[in-house]
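# Coordinates in review
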Amino acid sequence: MLFIQKTTVKTFPQNSNRPTIAAIATAAGQGAVGIVRISGSLAISILARITHRSEQLFQDRVMTCCKIVDAQNVLVDEALVVVMRAPRSYTGEDVIEIHGHGGHYNTGRLLRVVIEQGATLAEAGEFTMRAFLAGKLNLVEVEAIADIINASSERALRLAQTQQGGALVAAFLAIQKEVISMLATIEANIDFPEEGLEEMPRQTLSDGLMAVAHQATCLAETFSLGKLLTSGVSVALVGAVNAGKSSLFNALIGEQRCLVTHDPGTTRDFIEATVVWDGINITLIDTAGTRDKDLSESLDDAERQGIVRSTQRASKADLRLVVRVDGQEFEPSSMDRSDELWVQSKCDHDKEMINDHHTQGEKQNSLVRTSVKTGVGLDELRQAILTHIQSRVSEGDDGFVITQERQRDGLEKTAALLRCAAEGVETSQPWEIVAIDMKDAAETLAALLGERLDDAVLDAVFAQFCIGK
Ligand SMILES: Nc1nc2c(ncn2[C@@H]2O[C@H](COP(=O)(O)OP(=O)(O)OP(=O)(O)O)[C@@H](O)[C@H]2O)c(=O)[nH]1
Ligand SMILES: [Mg+2]
């Protein structure tokens, strides 16, 4: 009996009992156009009622200009409406879009009119959930859509669009195809041993399994780059009071955001600002400077609290820039920490020393010497931050980069199962035992693509969406 029974996603017919949902699809606030989206079996009849037109008058996928009225026949807005009849729509159901005048209040009124006529307010991600349930998208494509909506840099957007274009799904499907094909060979061996398949070269099969496991591992490893591009990184400036942290922070973000004075203890709380360098979102964090132990007893409460809060925030940052005034020593113990970069500030006093990287020995290749007064070292510091961040991620072609922990975990599990199967093949385990690991691997891949429905997984995936999508 062959295992290969590729489950298809459960689909719902158009006239099911599912409610017709509606939501504002455009962002809140003022705007030229505000869009209300409706999906479900009642969508077209609701449109007919709020426009006083017959359903048949609306041609499929053609914009029509209509007056929208409420249940009391009071004019609400003049809008462009478009009907996308099932199944040729985003959700696979009848979908209506009402493009009215923008603005929070007007769009809200349009939505109320639709709700008044029997639609239900959509949950976050419910339109996409219906598209998924209708088999229009697999889970990896759903996640790519979430990435597009949430993209906060050009590079993150490009990555998400490439994924939506199918490159990543193709990579998943290629792995799945290989696994299923090898499983078919093994299952045939179990079912028809008399056919002589028992003599199938074990080494060839084991090499094949290891090769696919390697593909899955390589794809899983691209998560570090995907996470970097989608979530960005945080970089905290830490050091003693008056070290020049706020001055560096202002110089790096190109704006006088933080107060700078010659008084030690100027910054009382941490302050954050986001910059985009090389397509990566970097949240810089300025912190309250620390004091010598003997002085810290005499600090006022506000400064003490500021230091505690700053230290906590900095400890959660992906990278810390340890700032010391030129000439002060760094503690050698923290020299090799991979999450720290050393920065000397105020390197404008002694011009001879500028760009001399060897004052504390050759080992300090991560020491950057800067001066906000002369601008020395600022570009170098930006580059050092980027190099440091990039050195911590695996290289990958942006088209084949995963961005979701769920995908990474699934790929790692698949790779581990395939390696187990390969070991079973090599150690002459019965084919039935090898097949168990391979079936698990095939099931894991099916779950990754959403071919097996799991409520907890679906909830986590759709939690990334906003209402109206
Ligand atoms: N000459 C020179 N002075 C600098 C430089 N950077 C900062 N300063 C001066 O050093 C003093 C302290 O700078 P800040 O940036 O406020 O230092 P901080 O580390 O934020 O200090 P706290 O907020 O008290 O922890 C100010 O008077 C700055 O003008 C620099 O590159 N060269
Ligand atoms: Mg400061």
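Residues numbered from 1 in each chain as written. Chains lettered and ligands numbered in written order. Predicted model: local features only at pLDDT ≥ 70, side-chain atom pairs only at ≥ 80, totals over all residues. Heavy atoms only, no water.

## Concerning the overall build of the protein
Helix and strand counts for the protein stand at 15 helices and twelve strands. Scored against the burial criterion, the 469 residues of the protein give a buried share of 49%. A sequence separation of at least 24 residues applies to 66% of the contacts in the protein between residues at least 6 apart. Element-wise, carbon and sulfur atoms account for 53% of the exposed surface of the protein, whose accessible area totals about 22,700 Å². (Helix = DSSP H or I, 4+ residues; strand = E, 2+ residues; numbered from the N terminus. Buried < 20%, exposed > 50% of the residue type's maximum accessible area, 1.4 Å probe, protein only. Contact = heavy atoms within 4.5 Å. Areas by Shrake-Rupley, 256 points an atom, 1.4 Å probe, with all protein chains shown as cover.)

## Regarding the side chain of glutamate 97
Structurally, glutamate 97 can be placed in strand β5 (residues 95-101). With relative accessibility at 16%, the residue glutamate 97 sits in the buried group.

## Things to note about the site of ligand 1
In the vicinity of ligand 1, 22 residues are found, and the nearest of them are Asn242, Lys245, Ser247, Gly265 and Asp348. Here serine 247 contributes a side-chain N or O atom positioned 2.5 Å from an oxygen atom of ligand 1. Protein contact buries 87% of the 650 Å² of open area that ligand 1 shows by itself. Residue composition of the shell around ligand 1, by class: five nonpolar, twelve polar and five charged. (Near = heavy atom within 4 Å. Polar contact = N/O pair within 3.5 Å; in protein donor to acceptor, adjacent residues only side chain to side chain. Nonpolar A, V, L, I, M, F, W, Y, C, P; charged D, E, K, R; others polar.)

## Thoughts on the pattern of salt bridges
Within this structure, the stated rule accounts for 18 salt bridges. A salt bridge links arginine 382 to aspartate 379, with the nearest nitrogen and oxygen atoms 2.8 Å apart. In this pair, arginine 382 and aspartate 379 are both assigned in helix α12 (residues 378-391), three residues apart and thus about one turn of the helix distant. Between arginine 408 and glutamate 405 there is a salt bridge, with its nearest N and O atoms 3.8 Å apart. On the criterion of helical spacing, the pair formed by arginine 408 and glutamate 405 is a turn pair, its members being three residues apart in helix α13 (residues 405-426). (Salt bridge = Lys/Arg side-chain N within 4 Å of Asp/Glu carboxyl O.)

## Quick word on unusual backbone geometry
The amide bond that connects alanine 86 to the next residue, proline 87, takes the cis arrangement and shows omega of 0°. Within the fold, proline 87 resides in the loop between β4 (75-84) and β5. Backbone geometry places asparagine 242, a non-glycine residue, at a positive phi of 70°. Accessibility expressed as a relative area gives 30% for asparagine 242, which makes it partly exposed. Although it is not a glycine, lysine 346 sits at a positive phi angle of roughly 55°. Tracing the sequence through the fold places lysine 346 in the loop between β11 (340-345) and β12 (367-369). Assessed through its relative accessible area of 30%, lysine 346 is described here as partly exposed.

## Some details on the pairing of strand β8 (residues 271-277)
Sheet analysis places β8 next to strand β9 (residues 280-286), joined by seven bridges and oriented antiparallel. Across the sheet, isoleucine 271 pairs through a bridge with aspartate 286, a residue of β9. Connecting β8 to the antiparallel partner β9 that follows it, the hairpin turn spans two residues, and aspartate 278 within it adopts a positive phi of roughly 55°. (Pairing = 2+ DSSP bridges.)

## A short note on the packing of aromatic side chains
Taken as a whole and judged by the stated rule, the model has zero aromatic pairs. We note arginine 37 situated over the ring of phenylalanine 127; from NZ or CZ to the ring centre the distance is 5.3 Å. (Phe/Tyr/Trp six-rings, centres within 6.5 Å; stacked < 30°, edge-to-face > 60°. Lys NZ or Arg CZ within 6 Å of the ring centre and 35° of its normal.)

## Topic: the coordination of the magnesium ion (ligand 2)
Put simply, the ideal angle at a metal is 109.5 degrees for four donors in tetrahedral geometry and 90 or 180 degrees for six donors in octahedral geometry. Donor atoms from the polypeptide that bind the magnesium ion (ligand 2) are Ser246 (OG) and Thr267 (OG1), placed at 2.0 Å. With serine 246 in helix α9 (residues 245-253) and threonine 267 in the loop between α9 and β8, the pair connects residues that are 21 residues apart, well separated along the chain. An identical accessibility class is assigned to serine 246 and threonine 267; each is buried. (Donors = N, O, S within 2.8 Å, 3.2 Å for Na, K, Ca; no water.)

## Considerations on the sheet that holds β4
Taken together, the six strands give an open sheet; going across it, the order is β3-β4-β5-β2-β1-β6, and neighbouring strands pair in mixed fashion. Each having just a single partner strand, β3 (64-69) and β6 (120-121) make up the two edges of the open sheet. Running at roughly 75° to β3, helix α1 (residues 43-51) makes contact with β2 (33-39), β3, β4 and β5 of the sheet. (Axes fitted to C-alpha atoms, helices over the stretch in contact; angles between N-to-C directions.)

## Observations concerning the pairing of β3
As paired elements, β3 and β4 share six bridges and run antiparallel to each other. Within the sheet, the bridge partner assigned to lysine 67 lies in β4 and is glutamate 78.

## Details of the environment of leucine 209
Looking at where leucine 209 falls in the secondary structure, it is placed in helix α7 (residues 202-221). The spacing of leucine 209 and valine 179 is 30 residues in sequence and 7.8 Å in space, taken between C-alpha atoms. Look past the residues within four positions of leucine 209 in its chain and what remains in contact with it is Met182, Leu418, Ala421, Ala422, Val425 and Met438.

## Description of the sheet that holds β8
With mixed pairing, six strands are arranged side by side in an open sheet as β8-β9-β7-β10-β11-β12. In this open sheet, the two strands that pair with only one neighbour each are β8 and β12. Taken over all neighbouring pairs, the strand axes of this sheet differ in orientation by 25° on average, direction set aside. As judged from the six bridges shared by strand β10 (residues 319-325) and β11, these two strands associate in the parallel manner. Residue pairing across strands places valine 322 opposite tryptophan 342, the latter belonging to β11. Strand contacts of helix α11 (residues 301-315): β7 (233-239), β8, β9 and β10, with the helix running at about 135° to β7, the strand carrying the most contacts.

## What to know about the environment of glutamine 56
When you line up the elements, glutamine 56 lands in the loop between α1 and β3. Put simply, glutamine 56 and isoleucine 44 are twelve residues apart on the chain and 9.2 Å apart in space, counted from C-alpha to C-alpha.

## Topic: helix α5 (residues 154-164)
Buried within α5 are the following residues: Arg155, Ala156, Leu159, Ala160 and Gln163. Projection of α5 onto a plane perpendicular to its axis shows the buried side chains occupying an angular sector of 135°, all on one side. If you follow the buried residues of α5, they end up packed against α4 (139-150), α6 (167-191), α8 (223-231), β9 and α12. Looking at the residues trailing α5, positive phi occurs at glycine 166, about 110°. (Arc of directions from axis to C-beta.)

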